[in-house]
Amino acid sequence: MSRHLLGKRAATATLAVAYLVAAPPAAAADRDAVARGAYLAGAAGCDQCHSDSEHGGKPFAGAPPFPTPYGRIATPNLTPDRATGIGGWSLADFTRAVRWGVAPDDSHYVPSFPYPFYNRLTDGDLADLKAFLDSLPPVSRRDLEGAGSTALVGRARAALAVALTPLRGAWQPDPAKDAVWNRGAYLVASVGRCGDCHTPRSWLGVPDSERFLAGTPSGPDGKKVPNITQDAKTGIGDWSEQDIVGVLTDGHTPDFDFVAGPMADIVKNTARLTEEDRRAIAVYLHSIPAKPFAGNK
């Protein structure tokens, strides 16, 4: 056997070993991204809206139309099915949809999809979230095609809400605050989307930034949503950080009661967080300046 051939085989073997050595870290990185994305999806409760659990539907495969302030809306299929899901979406498509509410066909989602909150997700977290959704088994849902709202008044109202709601883009840490506060603020602003229920809105559905987290007399279920600022009279000014952690863990309140209604569903999400992340949310909420209950405005 010639020295040239021996040298060629040696070089090939060296490349093969190099590939085998390099491949596991890449695969591990992919697994890590999927795990991080699964954590974010759980914290956001994506499975709650995008699964037809009542009828035994597959997780994340979409759900039939339900009433919203903007008409009856079906939640889309998030599995990687190319025909009826998001299997044909690029990361850029996904980022544009989740951050800005614009679908790959340039249509706009109504704000019932809380993209004004997911707008604050970092690029890295959006990439991880897509990695997780891409890892799911594809499910075909032809039955959901064309199931969006046809209510023109609702769509017009949604368009106005979109136009009037400022979208700030990816979260930027506050350099004047520590890492725990910033983590809590990020979770509240993005996947936790506390302002979705606890911040009052105009009749168009535009959040009142001056009354951030000050509660509202009529929430998603028509009932009062509490003030979660540090107001001692109408808010949670007398709650400790541990009291807040307790609510986020299993829904129990300092007065030995349990949350109900939409908040009980939110607790299903916050219970999936790590203790450190629940603690970070508590630290951040404990720093929110006191504001009177929005219903008293």
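Residues numbered from 1 in each chain as written. Predicted model: local features only at pLDDT ≥ 70, side-chain atom pairs only at ≥ 80, totals over all residues. Heavy atoms only, no water.

**Some points on helix α3 (residues 91-100)**
Residues of α3 that are buried include every one of F94, T95, A97, V98 and R99, and no others. On its buried face, α3 sits against α4 (115-118) and α5 (123-134). At the exit of α3 stands G101, carrying a positive phi of roughly 75°. (Buried < 20%, exposed > 50% of the residue type's maximum accessible area, 1.4 Å probe, protein only. Helix = DSSP H or I, 4+ residues; strand = E, 2+ residues; numbered from the N terminus. Contact = heavy atoms within 4.5 Å.)

**Overview of the packing of helix α9 (residues 241-250) against helix α11 (residues 275-285)**
For the pair α9 and α11, interaxial distance at closest approach is 8 Å and the crossing angle is 130°. Taken together, the axes of α9 and α11 lie oblique to each other. Crossing geometry of α9 relative to α11 is assigned as right-handed. Counted together, E241, Q242, I244, V245, L248 and T249 of α9 and E275, R278, R279, I281, A282, V283 and L285 of α11 form the full contact between these two elements. Split by residue class, the contact of α9 with α11 holds 7 nonpolar, 2 polar and 4 charged. (Axes fitted to C-alpha atoms, helices over the stretch in contact; angles between N-to-C directions. Parallel < 35°, antiparallel > 145°, perpendicular 65-115°, else oblique. Left-handed = near helix turned anticlockwise from the far one by under 90°. Nonpolar A, V, L, I, M, F, W, Y, C, P; charged D, E, K, R; others polar.)

**A look at the pattern of salt bridges**
If you walk through the whole model with that rule in mind, you get 12 salt bridges. Its salt-bridge partner being D143, residue R141 comes within 2.6 Å of it at the nearest N-O pair. Residue R141 is classed as buried on the basis of its relative accessible area of 11%. Residues R279 and E275 are paired through a salt bridge, measuring 3.7 Å at the closest nitrogen-oxygen approach. With R279 and E275 both in helix α11 and 4 residues apart, this pair spans about one turn of that helix. Among the residues examined, E275 registers a relative accessible area of 35% and is labelled partly exposed. (Salt bridge = Lys/Arg side-chain N within 4 Å of Asp/Glu carboxyl O.)

**Quick look at the environment of I228**
Residue position: I228 is located in the loop between α8 (195-198) and α9. Taking relative accessible area as the criterion, I228 reaches 12% and is therefore assigned buried. It is 8.9 Å that separates the C-alpha atoms of I228 and K291, two residues lying 63 residues apart in sequence. Among all residues touching I228, those that are not within four sequence positions of it are C194, H198, L213, I236 and L285.

**A short note on the nonpolar core**
In this structure, F60, L133 and L285 are the most contacted members of the largest nonpolar core, which totals 38 residues. Secondary-structure elements contributing two or more residues to this core are α1 (3-44), α3, α5, α7 (179-189), α9 and α11. (Core = buried A, V, L, I, M, F, W, Y, C linked by side-chain atoms within 4.5 Å.)

**A look at the side chain of K291**
With respect to the helices, strands and loops of the structure, K291 is situated in the segment after α11. Buried within the structure, K291 lacks any salt-bridge partner; E210 is the closest side chain of opposite charge, at an N-O distance of 6.8 Å. Leaving out residues up to four positions away in the same chain, K291 has contacts with S209, E210, R211, F212, A214, N227, T229, D231 and T234. (Lys, Arg positive; Asp, Glu negative; His and termini not counted.)

**Looking at α7**
Counting buried positions along α7 gives 8 out of 11 residues, so the element sits mostly inside the fold. Burial in α7 covers these residues: W181, N182, G184, A185, Y186, L187, V188 and A189. On its buried face, α7 is in contact with α4, α5 and α11. By the N-cap criterion, in which a side-chain oxygen at the helix start approaches the backbone nitrogen of a residue two or three places on, α7 is capped by D178, the distance to V180 being 3.2 Å. (Polar contact = N/O pair within 3.5 Å; in protein donor to acceptor, adjacent residues only side chain to side chain.)

**Side note on the environment of A280**
Position of A280 relative to the elements: it lies in helix α11. Linking A280 and V188, residues 92 residues apart in sequence, is a C-alpha distance of 9.6 Å.

**Some words on unusual backbone geometry**
Most peptide bonds are trans, and most residues other than glycine sit at a negative phi. For F60, which is not glycine, the phi torsion reads 70° and is therefore positive. Despite not being glycine, R193 shows a phi value in the positive range, around 35°. Examined against the element boundaries, R193 turns out to sit in the loop between α7 and α8.

**Some details on the pairing of strand β2 (residues 71-75)**
A regular strand carries its side chains on alternate faces of the sheet. For β2, the buried fraction is high: 4 of the 5 residues fall into the buried class. In the sheet, strand β1 (residues 63-68) pairs with β2 via 4 bridges, with the strands oriented antiparallel. Along β2, the bridge assignment pairs T68 with G71. Linking two consecutive strands that pair antiparallel, namely β1 and β2, is a turn of 2 residues. (Pairing = 2+ DSSP bridges.)

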